[in-house]
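A structural walkthrough
The residues making up each chain are set out below.
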Amino acid sequence: MALSVNRCCGGRLLSAGSDQKRLRFARWFSALGLGVLMVVLIQPRVLVQDQRLLLTLNGEPFDVMGFVTEAWGRWLSDCSAVKLIDGESGDGHLVLRVLQQHSPPDSFSAKVVRIDRLHHWLLVEASFDTLPPVLVLMRASGDEPLSLETAAVWSGTSQPWRIVPFATHFLRARAPDAPADLLRCAQPRFR
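Notes on the structure in this doc start here.

Cut-offs used in this document
- Residues numbered from 1 in each chain as written.
- Predicted model: local features only at pLDDT ≥ 70, side-chain atom pairs only at ≥ 80, totals over all residues.
- Heavy atoms only, no water.
- Helix = DSSP H or I, 4+ residues; strand = E, 2+ residues; numbered from the N terminus.
- Expected span 1.5 Å × (residues − 1).
- Buried < 20%, exposed > 50% of the residue type's maximum accessible area, 1.4 Å probe, protein only.
- Arc of directions from axis to C-beta.
- Contact = heavy atoms within 4.5 Å.
- 1 Å grid on protein atoms, 1.4 Å probe; cavity = no way out; pocket = protein on both sides within 12 Å on 5 of 7 lines; lining within 4 Å.
- Points joined across faces, edges and corners; volume = space filled by probe spheres on them.
- Nonpolar A, V, L, I, M, F, W, Y, C, P; charged D, E, K, R; others polar.
- Core = buried A, V, L, I, M, F, W, Y, C linked by side-chain atoms within 4.5 Å.
- Phe/Tyr/Trp six-rings, centres within 6.5 Å; stacked < 30°, edge-to-face > 60°.

1. Quick notes on helix α2 (residues 64-76)
- Here α2 contains 13 residues, and its C-alpha end-to-end distance of 18 Å stays within 8% of the 18 Å for a straight helix at 1.5 Å per residue.
- Along α2, the positions that sit buried rather than exposed are Gly66, Glu70 and Gly73. Taken around the axis of α2, the buried residues stretch over an arc of 65°, which confines them to a single face. Along α2, the residues that are exposed and aim more than 90 degrees away from the buried face are Met65, Trp72 and Trp75.
- Where the residues of α2 are buried, they touch α4 (163-174) and α5 (180-184).

2. Considerations on the layout of surface pockets
- The volume enclosed by the largest pocket comes to roughly 190 Å³.
- Looking at the largest pocket, the residues that line it are Thr69, Glu70, Gly73, Arg74, Val164, Pro165, Thr168, His169, Arg172, Ala180, Leu183 and Arg184.
- Residue assignment for the lining of the largest pocket shows that the elements contributing at least two residues are α2, α4 and α5.
- Per-element accounting of the lining of the largest pocket gives the leading share, five residues, to α4.
- Grouping the constituent residues of the lining of the largest pocket by class yields four nonpolar, four polar and four charged.

3. Considerations on the nonpolar core
- Grouped together as the largest cluster of nonpolar side chains are 19 residues, with contacts concentrated most on Leu123, Leu137, Ile163, Leu171 and Leu182.
- Ranked by residue count, the leading element in this core is α4, at four residues.
- Setting aside chain neighbours within four positions, we find Leu182 in contact with Val82, Asp116, Arg117, Leu118, Trp121, Leu122, Leu123 and Leu137.
- The next biggest cluster of nonpolar side chains, apart from the first, holds 15 residues, and it includes Ile85, Leu94, Leu122 and Ala126.

4. Some details on the packing of aromatic side chains
- Here the structure, examined in full by the defined rule, presents three aromatic pairs.
- On the numbers, 4.7 Å between centres and 70° between planes, the contact of Phe25 with Phe29 is edge-to-face. Highlighted residues: Phe25 and Phe29, both in helix α1 (residues 16-42), separated by four residues, approximately one helical turn.
- Among the residues examined, Phe25 registers a relative accessible area of 52% and is labelled exposed.
- Taken together, the aromatic side chains of Phe25, Trp28 and Phe29 make up a single cluster linked through ring pairs.

Note that all results are geometric; they support no functional claim without further evidence.
Here it is as structure tokens:
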């Protein structure tokens with residue numbers, strides 16, 4: 001067994017294994033100290049807001065349960081069956097015309113951001129010049145030519161909550177026949 005002289009211990013002879021244990025112990029306590037310092041600096045708080053839990057770090061709110069719900073929903077769903085429709089396609093132009101007629105004159109400025117389709121259902125994200133962004137659930141009543149009826153509309157912001165669990169719960173309540181996979185696989189760009 002190799003022995004070494006440890007300068008920090010008054011020149012006493014120590015084994016190499018003992019030095020390794022001390023080094024691991026020092027690293028572990030350093031990591032623990034760094035972790036405690038980070039917790040003190042970011043000041044985590046758990047709040048109850050709107051009867052839901054909200055985590056704040058440095059005053060910035062995070063919907064941890066919403067994030068978990070959203071991730072779990074996508075994991076359970078077959079998102080490969082949800083097709084992204086090009087806003088410049090014929091279906092995209094038809095969706096735009098339906099949106100523009102929804103709440104004139106403010107809705108004339110509608111811009112389609114995203115269209116997801118599953119079977120005869122479409123989930124449309126749109127923005128406007130003066131209205132808040134919307135998620136619109138539409139149902140196609142036929143294939144040729146495609147005719148659409150608006151099943152549910154959600155507008156506004158979900159801050160500080162994650163939009164997918166928050167808005168899709170609202171849409172699902174208004175259109176219970178809508179496929180759950182379409183709503184769980186939504187990827188809106190606004191919050």
